[in-house]
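# Fold and contact review
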Amino acid sequence: MSTFDIDQLAIDYASKSPQQILELAFANFDNLWLSFSGADDIVVLDMAWKLNPNVKVFTLDTGRLHAETYRFLEQVRKHYGIELEVLSPDHQQLEAYVREKGLFDFYESGHGECCGVRKIAPLRRKLASVDAWITGQRKDQSPTRADVPVVQLDGGFSTPTHPLVKFNPLANYTSEDVWNYIRMLEIPYNPLHERGFISIGCEPCTRPVLPNQHEREGRWWWEEATKKECGLHGSNLIAKS
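Residues numbered from 1 in each chain as written. Predicted model: local features only at pLDDT ≥ 70, side-chain atom pairs only at ≥ 80, totals over all residues. Heavy atoms only, no water.

## Examining the overall build of the protein
- A tally of regular secondary structure across the protein gives nine helices and six strands.
- The C-alpha radius of gyration computed for the protein amounts to 17 Å, which stays within 12% of the reference 18 Å derived for 241 residues, consistent with globular compactness.
- For the protein, with 241 residues in total, the buried portion stands at 51%.
- When the accessible area of the protein is evaluated, it comes to approximately 11,700 Å², of which 51% is carbon and sulfur surface.
- In the protein, which carries 26 positive and 33 negative side-chain charges, the distance between the mean positions of the two groups comes to 3 Å. (Helix = DSSP H or I, 4+ residues; strand = E, 2+ residues; numbered from the N terminus. Rg over C-alpha atoms; globule rule 2.2 N^0.38 Å. Buried < 20%, exposed > 50% of the residue type's maximum accessible area, 1.4 Å probe, protein only. Areas by Shrake-Rupley, 256 points an atom, 1.4 Å probe, with all protein chains shown as cover. Lys, Arg positive; Asp, Glu negative; His and termini not counted. Charge placed at Lys NZ, Arg CZ, Asp CG, Glu CD.)

## Notes on the pattern of salt bridges
- Per the counting criterion, the structure on display carries eight salt bridges.
- The closest approach of N and O atoms between Asp140 and Arg138, which form a salt bridge, is 2.9 Å.
- The exposure class of Arg138 is buried, given its relative accessible area of 1%.
- Each of Glu74, Arg77 and Lys78 takes part in salt bridges that share partners, so that together they form one network. (Salt bridge = Lys/Arg side-chain N within 4 Å of Asp/Glu carboxyl O.)

## Observations concerning a nonpolar patch on the surface
- A cluster of nonpolar side chains, contributed by Leu103, Phe104 and Tyr107, occupies part of the molecular surface with about 290 Å² of accessible area.
- Take Phe104: it is sitting in the loop between α5 (91-101) and α6 (106-109).
- On the basis of relative accessible area, Phe104 is assigned to the partly exposed category, the value being 45%. (Patch = residues over 30% accessible without salt bridge, like charges linked within 9 Å, V, L, I, M, F, W, Y side chains within 5 Å.)

## Structural notes on helix α4 (residues 67-80)
- The end-to-end C-alpha distance of α4 is 21 Å, a good match for the 20 Å that 14 residues give at a rise of 1.5 Å each.
- Within α4, burial applies to Glu68, Thr69, Phe72, Leu73, Val76 and Tyr80. Considered in projection along α4, the buried side chains sweep an arc of 140° and stay on one side of the axis. Across α4 from its buried face, at more than 90 degrees, point the exposed residues Arg71 and Lys78.
- In this fold, the buried residues of α4 make contact with α3 (41-51), β2 (56-60) and β3 (84-87).
- Following α4 by one or two positions, Gly81 has its phi on the positive side, about 65°. (Expected span 1.5 Å × (residues − 1). Arc of directions from axis to C-beta. Contact = heavy atoms within 4.5 Å.)

## A closer look at the UniProt feature "binding site: [4Fe-4S] cluster" (unreviewed entry) in the protein
- In this numbering, the UniProt entry assigns the feature "binding site: [4Fe-4S] cluster" (unreviewed entry) to Cys114, Cys115, Cys202 and Cys205. Look at the named residues: they lie 92 residues apart in sequence, but the longest C-alpha span between them is just 10.9 Å, so in the fold they bunch up. Lining the second largest cavity, from this annotated set, are Cys114, Cys115, Cys202 and Cys205.
- For Cys114, the location among the structural elements is in helix α7 (residues 112-127).
- Residue Cys114 is classed as buried on the basis of its relative accessible area, which comes to 8%.
- For Cys114, the residues in contact, after removing those within four places along its chain, are Tyr97 and Phe106.
- Locating Cys205 in the fold gives a position in the loop between α8 (175-185) and α9 (235-240).
- You can call Cys205 buried: its relative accessible area is 7%. (UniProt positions renumbered as here; feature names shortened; annotations may be inferred. 1 Å grid on protein atoms, 1.4 Å probe; cavity = no way out; pocket = protein on both sides within 12 Å on 5 of 7 lines; lining within 4 Å.)

## Remarks on the pairing of strand β1 (residues 32-35)
- Alternating residues of β1 divide into Leu32 and Leu34 and Trp33 and Ser35, and every residue in both groups is buried.
- Relative to strand β4 (residues 132-134), β1 runs parallel, the two sharing three bridges. Opposite Leu34, over in β4, you have Ile134 as the bridge partner.
- Summarising the sheet, β1 and β2 pair through three bridges and their orientation is parallel. Paired with Leu34 across the bridge in β2 is Val57. (Pairing = 2+ DSSP bridges.)

Here's what the structure looks like:
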């Protein structure tokens, strides 16, 4: 880590291909994990797996995903022959939250607390034990991601004693690039995409979008656009504030 100059590498690799960015990640970190959400992260997973079939992959099971997403996760596990580590919320914390706030509090109070219990707490536990992780973030996904670099010090999950590096190989990809890759290589994808779902999260917080609507308009549609992060990439909001 001491010889890994993140700021300089972010500049040097800003226009590199996703595969070159992944090669950088694999070359410098052994304790490296890929976060797979079950949506267009399939592209970065496919790229990473072709470079390293032993790539370590985890996913978050919030308990509120679509049935199609659960089946897709299993399809991906079998297709690539990978071990998919599934992270779940702490059951006591989740039970206490639901007992106090109910199952749909986020429509009234915002999605932050629910995501905090179902996503952020399990992710924080996982990332505390790794040195670097790979995401499928793209600049064109939302206003909060417009400045995402290809490699960065994770501002949300690093600590003074545990710096965490985050790689975003698809930062410069567009939605069109993603789907060209999926179609050309005929890799699996979530069938919800065929029904107008573009950005796919939990079932109560995701809906299809209309033609020419931005993909993130289907997520937390009752909230203002610049706040549409669940906290997995909370440093995006920190950077914008």
